[in-house]
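So you can see what is in the structure, the chains are spelled out below.
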Amino acid sequence: MDAALKLFSESAYDAVQMDDVARAAGVAKPTLYRYFHTKEDLFLEGLEKALGDLETEAEQAAARAGTAKEGLTLVIRCVIASLGRCTAAIRAFDGADTRLGERGRAVIRRRVKQIRTTLSTLIARGVASGEFRDLDPDLVALALLGAMRMTAAHTTARQQAGAARLLADLIENGLVSGEPSQDAEAADRSDDLMDMTVETR
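Note that the structure is a prediction, hence the values are computed from the model and not measured.

Engineer: Explain the overall build of the protein chain here, please?
Structural biologist: Summing up its helical and strand segments, the protein chain has nine helices and zero strands in all. Across the 201 residues in the protein chain, those meeting the buried criterion constitute 35%. Across the protein chain, the fraction of contacts at a sequence separation of at least 24, relative to all contacts at a separation of at least 6, is 68%. Only carbon and sulfur atoms are counted for the fraction: they give 53% of the accessible area of the protein chain, which is about 12100 Å².

Structure representation (C-alpha cells):
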C-alpha cells in the first residue's frame, strides 16, 4: 500500500500502471489483483489508509500532551507532515476520471471531518483552561485546517518541520508584537455591535 501511494504521489494517476505497483511492492501482478480489482480501488484504499493514519496520529498527539498549547503544536506538526505525504497523491486524481475524483473527495471529506473534530476538542480544552482566547473552537479548527493544508501543499518534506513550528508559533502568539492594538479592540466592539444589530432584526 505504501509503495502504491508513493508512486501515485510521484507520478500522474494515468501514468501509474499496476505493473509498476507490483514491481515497487515486490509482489506478482496476480497477487496484487487478488486484493485490488482495479487501479482505482488501490489508489482510493491507499488514500483512505494514509488519512486514517493521520486521524490516529492527531488523536494520539492531542491525548498525550500535557497542555492544550503543547497538544496544538504536536497536532499541527503531524498534520502538516502527513498531509504533505498525501498532497501529491490527492492532486493525482484531479483531472483524472470524474468518478475517481468524486470518490476521492468523499474520502477526504470524511476523514478530514474527524481531524477537524480532534482540533476543535483540543481548542475547546484550551479555552476552558484559559490557555486560549474564548473563540469558537469549530471555526478556529476550520481555519487551522485550511492553513495546514496550504502549508503542506507548498513546502517540501525538509521544510515541513520548520513550517509546522512557524504555524504553531503564529497561532499561539499572533503576528502583531506587543499589546492588542486599538484597531483590534475597535474590531471587537464592532463585532459586538453587529451581533446586537442582528439579534434585534
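Engineer: I keep staring at the environment of leucine 47 and nothing clicks. Help me out?
Structural biologist: If you trace the backbone, leucine 47 turns up in helix H4 (residues 39-64). You can call leucine 47 buried: its relative accessible area is 0%.

Engineer: What's the story with the side chain of glutamate 55 in this structure? I'm lost.
Structural biologist: Among the secondary structure elements, glutamate 55 is positioned in helix H4. The class for glutamate 55 is buried, based on a relative accessible area of 12%. When residues no more than four places from it in sequence are discounted, the contact partners of glutamate 55 are Arg111, Gln114 and Ile115.

Engineer: Looking at this structure, how should I read a nonpolar patch on the surface?
Structural biologist: Together, Leu166, Leu170, Leu175 and Val176 give the surface a local cluster of nonpolar side chains, amounting to about 450 Å² of exposed area. Tracing the backbone through its elements, the reader meets valine 176 in the loop between helix H8 (160-173) and helix H9 (182-200).

Engineer: What's the story with the packing of helix H7 (residues 137-153) against H8 in this structure? I'm lost.
Structural biologist: Two quantities define a packed helix pair, namely the angle between the helix axes and the distance between the axes. For the pair H7 and H8, the least separation of the axes is 11 Å and the interaxial angle reads 155°. Overall, the two elements H7 and H8 adopt an arrangement that is roughly antiparallel. Pair H7 / H8 crosses with right-handed handedness. Here H7 contributes Leu144, Ala147, Met148, Thr151 and Ala152 to the contact with H8, which in turn contributes Gln160, Ala163, Leu167 and Ile171. Along the lines of polarity and charge, the residues of the contact of H7 with H8 split into seven nonpolar, two polar and no charged.

Engineer: Is there a simple way to explain the nonpolar core in this structure?
Structural biologist: Generally speaking, soluble globular proteins have nonpolar side chains that are buried together. In this structure, Leu51, Val75, Ile76, Val79, Leu119 and Met148 are the most contacted members of the largest nonpolar core, which totals 48 residues. Within the residue set of this core, elements represented by two or more residues are helix H1 (2-10), helix H2 (18-25), H4, helix H5 (68-92), helix H6 (98-129), H7 and H8. Setting aside residues no more than four positions away along its own chain, isoleucine 76 makes contact with Leu144, Met148, Ala164, Leu167 and Ala168.

The rules behind each value
- Residues numbered from 1 in each chain as written.
- Predicted model: local features only at pLDDT ≥ 70, side-chain atom pairs only at ≥ 80, totals over all residues.
- Heavy atoms only, no water.
- Helix = DSSP H or I, 4+ residues; strand = E, 2+ residues; numbered from the N terminus.
- Buried < 20%, exposed > 50% of the residue type's maximum accessible area, 1.4 Å probe, protein only.
- Contact = heavy atoms within 4.5 Å.
- Areas by Shrake-Rupley, 256 points an atom, 1.4 Å probe, with all protein chains shown as cover.
- Patch = residues over 30% accessible without salt bridge, like charges linked within 9 Å, V, L, I, M, F, W, Y side chains within 5 Å.
- Salt bridge = Lys/Arg side-chain N within 4 Å of Asp/Glu carboxyl O.
- Axes fitted to C-alpha atoms, helices over the stretch in contact; angles between N-to-C directions.
- Parallel < 35°, antiparallel > 145°, perpendicular 65-115°, else oblique.
- Left-handed = near helix turned anticlockwise from the far one by under 90°.
- Nonpolar A, V, L, I, M, F, W, Y, C, P; charged D, E, K, R; others polar.
- Core = buried A, V, L, I, M, F, W, Y, C linked by side-chain atoms within 4.5 Å.

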